[in-house]
Amino acid sequence: MLFRSAKTPIGQRLRREFLHLTQLRHPSILRVKNYGQDQGSGATWFSSEVLRGPTSTELSGRLNLFNWCRLATGFLRALAFLHRNGWVHGDIKPDNIRLRKKMDDGPLDPVLLDFGLTRQGHLPAEEKILGTPQSMAPEQWLGQPPDFLSDIYSAGVLLYQWWTGRFPFEEIGRAHV
């Protein structure tokens, strides 16, 4: 559960994230349950399924080829589903993929999280640069909104990071782009 005032930009993004997730039903996308707002404080919240496994950040560089392929397949199916249905995630990164169960509780079952920057591809994005620097496509650094191609770029960075345990560009900044 997350708590934010519904009147703040973060509270509005939380509500938008919940609404997006109610429209996106896929085995590898977080399942949300309830949304609410406290009448007294105005704090908003939503509940989701309980994920017991680690984030993919914790697995980076420690996967054998079989598990890397399972993780990649589940994640890429979720991303393909988003794109097929006209959605851009906008913030693909290791912390936004988590396993549904612990690794020793069965096959890897990745779940794509954090839909706060998600939007339908034809709708305008937020005016400011948002995202995670090491995973962002170069055009996002230049102020362009994330799109399907920037999601694919970020997916490539993610797959590289899962295999090697590091980002392809460790010291990235605006001056490097």
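Rules used in this analysis
- Residues numbered from 1 in each chain as written.
- Predicted model: local features only at pLDDT ≥ 70, side-chain atom pairs only at ≥ 80, totals over all residues.
- Heavy atoms only, no water.
- Phe/Tyr/Trp six-rings, centres within 6.5 Å; stacked < 30°, edge-to-face > 60°.
- Helix = DSSP H or I, 4+ residues; strand = E, 2+ residues; numbered from the N terminus.
- Buried < 20%, exposed > 50% of the residue type's maximum accessible area, 1.4 Å probe, protein only.
- Polar contact = N/O pair within 3.5 Å; in protein donor to acceptor, adjacent residues only side chain to side chain.
- Contact = heavy atoms within 4.5 Å.
- Core = buried A, V, L, I, M, F, W, Y, C linked by side-chain atoms within 4.5 Å.
- Expected span 1.5 Å × (residues − 1).
- Pairing = 2+ DSSP bridges.

### Here's the deal with the packing of aromatic side chains
Item 1. Tallied over the full model, the rule gives four aromatic pairs.
Item 2. Aromatic side chains Phe 18 and Phe 46 sit 5.8 Å apart centroid to centroid with 45° between the ring planes, which places their arrangement in the tilted category. Of this pair, Phe 18 sits in helix H1 (residues 9-23) while Phe 46 sits in strand E3 (residues 43-48), and the two are 28 residues apart along the sequence. Like Phe 46, Phe 18 is buried.
Item 3. Ring-pair connections join several aromatic residues into one group, and the members of that group are Phe 18, Tyr 35 and Phe 46.

### Observations concerning the side chain of Arg 100
Item 1. Checked against the element boundaries, Arg 100 lands in the loop between strand E5 (97-99) and strand E6 (110-112).
Item 2. By relative accessible area, Arg 100 is classed as buried at 12%.
Item 3. A distance of 2.8 Å separates the side chain of Arg 100 from the side chain of Glu 49, its partner in a polar contact.
Item 4. Those residues within four positions of Arg 100 in sequence are excluded, and the remaining contacts are Pro 27, Ile 29, Arg 31, Glu 49, Val 50, Leu 51, Arg 52, Gly 53, Asp 109 and Val 111.

### Focus on the nonpolar core
Item 1. Counting residues in each nonpolar core, the largest one holds 32 residues, and the members touching the most others are Ile 29, Phe 75, Leu 82, Leu 112 and Trp 162.
Item 2. Contributions of two or more residues to this core are made by H1, helix H2 (65-84), E5, E6 and helix H4 (148-164).
Item 3. Among the elements that make up this core, the one with the highest residue count is H2 (eight residues).
Item 4. Dropping the residues within four chain positions of it, Leu 112 is found in contact with Ser 28, Ile 29, Leu 30, Phe 75, Ala 78, Leu 82, His 89, Ile 92, Asn 96 and Ile 97.

### Description of H4
Item 1. Its 17 residues place the ends of H4 25 Å apart at the C-alpha level, agreeing with the 24 Å of an ideal helix rising 1.5 Å per residue.
Item 2. By the burial criterion, the buried members of H4 are Ser 150, Asp 151, Ser 154, Ala 155, Val 157, Leu 158, Leu 159, Gln 161 and Trp 162.
Item 3. Against the buried residues of H4 lie H2, strand E4 (87-88), E5 and helix H3 (138-141).
Item 4. Immediately downstream of H4, the backbone of Gly 165 shows phi near 85°, a positive value.

### A few points about H2
Item 1. An ideal rise of 1.5 Å per residue puts 28 Å on 20 residues; H2 measures up with 27 Å between its terminal C-alpha atoms.
Item 2. For H2, the set of buried residues is Asn 67, Trp 68, Leu 71, Ala 72, Gly 74, Phe 75, Ala 78, Leu 79, Phe 81, Leu 82 and His 83.
Item 3. Where H2 is buried, its residues contact E4, E5, E6 and H4.
Item 4. A distance of 3.1 Å separates the backbone nitrogen of Phe 66 from a side-chain oxygen at the start of H2, and that oxygen is part of Asn 64.
Item 5. Immediately downstream of H2, the backbone of Gly 86 shows phi near 85°, a positive value.

### Re the pairing of E3
Sheet faces and side chains relate simply in a regular strand, where the side chains alternate between the two faces.
Item 1. Both strand E2 (residues 32-37) and E3 contribute to a ladder of five bridges, which runs antiparallel. Among the inter-strand pairings, Val 32 is bridged to a residue of E3, identified as Ser 48.
Item 2. Hairpin geometry of E2 and E3 is characterised by an intervening segment of five residues between the two adjacent antiparallel strands and by a positive phi of about 80° at Gly 42.

### Thoughts on the side chain of Glu 17
Item 1. For Glu 17, the location among the structural elements is in helix H1.
Item 2. From its side chain, Glu 17 meets the backbone nitrogen of Phe 115 in a polar contact 3.0 Å long.

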